[in-house]
Amino acid sequence: MGADLRNEPCLVLDIDDSLTKAVLIDKTEQGYAIKGTSQTSTTVDPPNLDVTIGAEKAAKDLGHSVGKALWAADGPSKGLRFLCSSSTGGSLYMMVAGITSMISAESAQRAALGAGALLIDVFSKDYPRPDYEMVERMRSMKPDIFLLAGGTDGGAVQQVLDMARLIKTADVRPRFGSKYKLPMIYAGNIEIRNQVSETLSEERYATKAVDNVRPAVERENLGPAKEAIYDSFMEHVIVHSPGYSKLVSWVDEPIIPTQAAIGKILYAYALERQVNLLAVDVGGATTDVYSIYHSVFNRSLNADIGLTYGISNIAKMAGIEKVMRWIPKEMSEREVRNIIGNMMVQQPPSLTSDEILVQQAAAREAMRLAVENHKEIASRLKGVSVRRDIGDIFSQAFESTYLDMMKTQVVLGRGRVFTQNQTTEATILLLDALQPQGVTEIMIDRLGVMPHLGMLLKESPQGAVQLLSRECLLKLGTCLAPKGRGNRSGVAMWIRMTKADGTTTEDEVSFGELRTLALGNGDKARLEVTPRRGLDIGRGNGRRLEVDVVGGELGLIVDARGRPLEVPAEKHLLAKWGKSLTPNQQSFA
Amino acid sequence: MQRSCLKMSQLELRFQEDTSVKKVRRIPAQGQVLVKVGDIVSSETIVAKGTVLNPEIHDVKVYAELEVYPEEAEKYMLKDEGDDVKKDEVIAILRSFFGRSTRVCRSPVDGSIETFLRSSGRVLIRGKPIPVEVRAHIPGRVVDVIPNEGAVVECRAALLQGIFGIGGETVGELIVTVDNPDEALATELIKDDHKGKIIVGGSFATVDALRKAATTGVNGIIVGGVDQRDLVDFLGYEIGTGITGKEKTGFTLIVTEGFGVHPMEERIFNFLKSHERKQASIDGSTQIRTRMLRPEIILPS
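Residues numbered from 1 in each chain as written. Chains lettered and ligands numbered in written order. Predicted model: local features only at pLDDT ≥ 70, side-chain atom pairs only at ≥ 80, totals over all residues.

## Examining the overall build of chain A
Scanning chain A from N- to C-terminus turns up 17 helices and 24 strands. At 25 Å, chain A has a C-alpha radius of gyration in line with the 25 Å of a compact globule built from 589 residues. Overall, the C-alpha framework of chain A stretches about 75 × 65 × 55 Å when taken along its three principal axes. Expressed as a percentage of its 589 residues, the buried residues of chain A come to 52%. Counted over contacts in chain A with a minimum sequence separation of 6, partners at least 24 positions apart contribute 72%. (Helix = DSSP H or I, 4+ residues; strand = E, 2+ residues; numbered from the N terminus. Rg over C-alpha atoms; globule rule 2.2 N^0.38 Å. Buried ≥ 20, exposed ≤ 12 C-beta atoms within 10 Å, placed from the backbone. Contact = placed C-beta atoms within 7 Å.)

Given below as structure tokens:
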């Protein structure tokens, strides 16, 4: 982490379709601190049609609460750093194209998703659909930015030019501002930049060539394409939304998509702690998954999978029976379907008890679907030939995805479904949906200021990560969850815990049990965990693990329900799971 | 547990008893505008007409027809990009000595050459443009013309918004089939003479009622609630995202309150009842997310 750059307080805004949230961050003797937050409705839609009205109100409200003038007559007060991330207009809509779906198109996809985009389509020459269908699709789905990749440097030429010609034929128009040129980023074979630029002429597209996302089959280079996406987002996309040109003139750093800012702070946090991290952001309309495994960042997005606008799509994609299996009481399919339908069309600000149960059930399936999708993105580079020897057959070195719950040290939930419910409910949601294995820290974002901290990274990398850890993340607990299955009521593992004060406790955990062990929030302890044969806690079948852990709000969480988790058909068992966790005291299932 | 109906402030937003309604009517292409500013139009008046690109594109493998390598196909082409072609017209020819094994490639449709893909020796031929037209949808006066695309029609009307709908724009005489907003729209309430009409139910429409409406030829249904399961059964597919308007159900459905049994808001029900037998223009198109487009019922004054 580099040294901090500046000493001015930072006023940081994140603007989404419904809310404009302001955060004031300043230096104190103890390091950086969040001085206050405020939020107000976003004013990009009628009748206001000016995003700065909401920005000004949020900043003034915040200034009022902290006793400091944060807003002058013509924008943010002097002596402040003013930063902003944005996801209005339903995020950044992108199309990407490449030559092969598993090589260049996949790298282009990773670049776009990593830059915070919502992908509306991926085109490649080997995808089994005819060219005319691609043309029609390009025409009908208007993106904000188009990213074209293809060919390694010095590699394929004609196929890349054919794809460029298809795009030319489609005459792709931007989502907003029919009179504007669509930003077109070319990140393919570096040797044919000029020919591609000529094909995608200046009259139709604002074309910019950057370094290849896949300069060689075995190498991926996403940085330049991502930076170009940020630039185009700032220069061509957001300025078409009402009031943004004024906002752009005020900010001290380029405005970037909210999801990109979240990705940046999560990446910095995982690198700082040297951990593998899996984060799920369950929103109203979309569900994002971020992962950092062995310092490789990936983001995937399930558009139209969310807990208000996107809740019907969860039932459609997962199947209504998959949602219903998580509801811990008897409800008819009609009741559940009507609740889901009404949550989509009405987006109620407060929920009835039945609606909460249905929403939590849907959240589990949203996360499950999103993580399944994420496995496709968080994968080793395809197209690279790998040699396996006999040892590799037993290792996961060549598994298709990086995602491995046994090697995931941190699991993080983000979204109202985690913060509006009790910590025990948030915990069980994450345990059920993501099924962590081995030893995993379970956390949620309690303040919702990750985008703000992502923006702060440029100002103060250390400060941003410290704030994330100290003020933003709520550590629910460290979870012990053996992989494998056993006999219900038979012993699953023996736990010997030695706390920092030297006291030692011993526990026997039965298979099927879910409970907490007392360990103060932030307190450290040494664990010796011995799983029964057939179960693995991280060292292999039946092998003992010694590990240092930290307690959270719930202390130490012991989940011996087995992996993969089997959801019981008996509703009373499901209801019992829901009551098994208690904040920082021992309880029994 | 049922969620209560919308709050009064939300109701005010979606129910304006007397307001100016302006409708932008435009074709999705350049064409001919058939009205001028000041014209009085009916809901059926054609405002503009033109043609749109035919989405049908035929992928013709020229190289395969000529039995040559893909990259060689270019030299045998008779047509360029943009050229019009007739069905069965020769677009590429490979002549051999004495014409004994001459091979040709013909267009499968009337249309034009969209693109020639040199490296793969293929031609994309687009079918002939498709005629399109747009009607006024509401009776009123033309207040603006959008050159080559359409016009803006204005009228005084009552404007009501539903919460969810299926099907697009339609017009018809308003018929209230129930006595009070608590009553369900049952099959027996839909009569043969409701063909072409917009019928108003109370709290709920059964799946059988939806099916009967379709077979009767009803133009529209306005009702407080419908079971999501029934709607899925009626449509034949799951409702995923809240984007509707293109369904081919034969009629437009507007749900005013929500999924399940929901008595229609009394004020709305009484208003619709007081406008019985009047002409209504309705649109079930819904976009729940960013644009927040809700289905509309327009009752011109």
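## Topic: the overall build of chain B
Along the backbone of chain B there are five helices and 24 strands. The globule rule puts the C-alpha radius of gyration for 301 residues at 19 Å, and the 26 Å found for chain B is more than 25% above it. Out of the 301 residues in chain B, the part that is buried amounts to 44%. Here the contacts in chain B between residues at least 6 apart in sequence split such that 65% fall between residues at least 24 apart.

## A closer look at the domain arrangement of chain A
It is common to report an interface's size as the accessible area lost on association of the parts. In terms of domain boundaries, chain A breaks down into domain 1 (10-88), domain 2 (92-240) and domain 3 (277-380 + 397-578). Just the C-alpha atoms count here: the centres of domain 1 of chain A and domain 2 of chain A sit 34 Å apart. (Domains from an automatic or database assignment.)

## With respect to the confidence of the model for chain A
Chain-level statistics for chain A give a pLDDT mean of 89 and a share of 94% at 70 or above. Counted against residues more than four places away or in other chains, residues 390-399 of chain A, with its pLDDT under 50, gives six contacts. (pLDDT = per-residue confidence, 0-100.)

## Brief notes about the pairing of strand β6 (residues 81-86) of chain A
Residue and element names in this part refer to chain A. The buried fraction of β6 amounts to six of the six residues, a majority that puts the element mostly inside the structure. Where burial is concerned, the two faces of β6 agree: the one with Arg-81, Leu-83 and Ser-85 and the one with Phe-82, Cys-84 and Ser-86 are both buried. Sheet topology places strand β1 (residues 10-15) next to β6; six bridges connect them, and they run parallel. From the neighbouring strand, Cys-10 faces β6, where its bridge partner is Arg-81. (Pairing = 2+ DSSP bridges.)

## Some details on the interface of chain A and chain B
Chain A puts 33 residues into the contact, and the matching count from chain B is 27 residues. Elements represented by at least two residues in the side of chain A that touches chain B include exactly α3 (131-140), α4 (158-170), α9 (311-318), α11 (333-346) and α12 (353-377) of chain A. Looking at which element gives the most residues to the side of chain A that touches chain B, the answer is α11(A), with 10 residues.

## A word on unusual backbone geometry
Here the amide bond leading from A:Arg563 into A:Pro564 is cis, since omega sits at 0°, within 30 degrees of zero. In this structure, A:Pro564 sits in the loop between β24 (556-559) and α17 (571-578). The backbone of B:Glu67 shows a phi angle near 60°, a positive value even though the residue is not glycine. Structurally, the position occupied by B:Glu67 is in the loop between α2 (62-66) and β6 (84-85). Its 9 C-beta neighbours within 10 Å are what place B:Glu67 among the exposed residues.

## Examining the sheet that holds strand β3 (residues 31-41) of chain A
Residue and element names in this part refer to chain A. Within the open sheet, the five strands sit side by side as β3-β2-β1-β6-β12. Their pairing is mixed. Pairing within the sheet leaves two strands with one partner each, and these edge strands are β3 and β12 (256-257). Direction of pairing for β1 relative to strand β2 (residues 19-28): antiparallel, over a ladder of six bridges. The partner of Leu-13 across the bridge, within β2, is Ala-22.

## Some words on the nonpolar core
By size, the foremost hydrophobic cluster in this structure holds 256 residues, and its most contacted members are A:Leu147, A:Ile167 and A:Ile265. Contacts of A:Leu147, omitting those with residues within four sequence positions, involve A:Met94, A:Val96, A:Ala108, A:Ala111, A:Ala112, A:Ile185, A:Ala187 and A:Ala225. (Core = buried A, V, L, I, M, F, W, Y, C linked by C-beta atoms within 7 Å.)

## Considering the sheet that holds strand β9 (residues 111-117) of chain B
Residues and elements named next belong to chain B. In space, the four strands of this open sheet follow the order β5-β10-β9-β6, with antiparallel pairing throughout. Whereas interior strands pair on both sides, the edge strands pair on one side only; in this sheet they are β5 (57-61) and β6. The sheet contact formed by β9 and strand β10 (residues 122-127) spans six bridges and is antiparallel. Following the sheet pairing, Leu-117 is matched in β10 by Arg-122.

## Brief notes about the domain arrangement of chain B
We note that the domain assignment places domain 1 (57-127) and domain 2 (162-300) within chain B. Between the C-alpha centres of domain 1 of chain B and domain 2 of chain B there is a distance of 51 Å.

## Considering helix α16 (residues 461-472) of chain A
For α16(A), which comprises 12 residues, the first-to-last C-alpha distance of 15 Å matches the rise-based estimate of 16 Å (1.5 Å per residue) to within 8%. Three or more residues of α16(A) are buried, namely A:Pro461, A:Gly463, A:Ala464, A:Val465, A:Leu467, A:Leu468 and A:Cys472. (Expected span 1.5 Å × (residues − 1).)

## Some points on the environment of A:Ser124
Secondary-structure assignment places A:Ser124 in strand β8 (residues 117-124). Non-local contacts of A:Ser124, meaning those with residues more than four positions away in its chain, are made with A:Ala97, A:Gly98, A:Ile99, A:Thr100, A:Ser101 and A:Ala105.

## Describing the confidence of the model for chain B
The share of residues in chain B with pLDDT of 70 or more is 93%, and the mean pLDDT across the chain is 90. Across the assembled chains, the prediction reports ipTM 0.83 with pTM 0.84.

## Things to note about the packing of α3(A) against α4(A)
All names here are of chain A. Taken N-terminus to C-terminus, the directions of α3 and α4 make an angle of 50°; their axes are 9 Å apart at the nearest point. Of the possible angle classes, the one that applies to α3 and α4 is oblique. Judged by the sense of rotation from one axis to the other, the crossing of α3 with α4 is right-handed. Residues Asp-131, Met-134, Val-135, Met-138 and Arg-139 of α3 form the contact with α4, whose own contacting residues are Leu-166, Ile-167, Thr-169 and Ala-170. (Axes fitted to C-alpha atoms, helices over the stretch in contact; angles between N-to-C directions. Parallel < 35°, antiparallel > 145°, perpendicular 65-115°, else oblique. Left-handed = near helix turned anticlockwise from the far one by under 90°.)

## A word on the pairing of strand β22 (residues 279-283) of chain B
All names here are of chain B. Burial analysis of β22 places four of its five residues in the buried class, the great majority of the element. Bridging between strand β15 (residues 169-176) and β22 involves five bridges; their strand directions are antiparallel. If you follow Glu-169 over to β22, its bridge partner there is Asp-283. In the sheet, β22 pairs with strand β24 (residues 296-300) via three bridges, with the strands oriented antiparallel.

## Structural notes on the environment of A:Tyr269
Residue and element names in this part refer to chain A. Summarising the element assignment, Tyr-269 is placed in helix α8 (residues 258-273). Note: C-alpha distance between Tyr-269 and Gly-54 (215 residues apart in sequence) is 30 Å. Setting aside its immediate chain neighbours within four residues, Tyr-269 contacts Val-465, Leu-468 and Ser-469.

## Digging into the environment of A:Ala59
Residue and element names in this part refer to chain A. Considering the arrangement of structural elements, one finds Ala-59 in helix α1 (residues 51-66). Separated by 19 residues in sequence, Ala-59 and Thr-40 have C-alpha atoms that sit 9.4 Å apart. When neighbours within four sequence positions are excluded, Ala-59 is seen to be in contact with Leu-11, Ala-22, Leu-70, Trp-71 and Pro-76.

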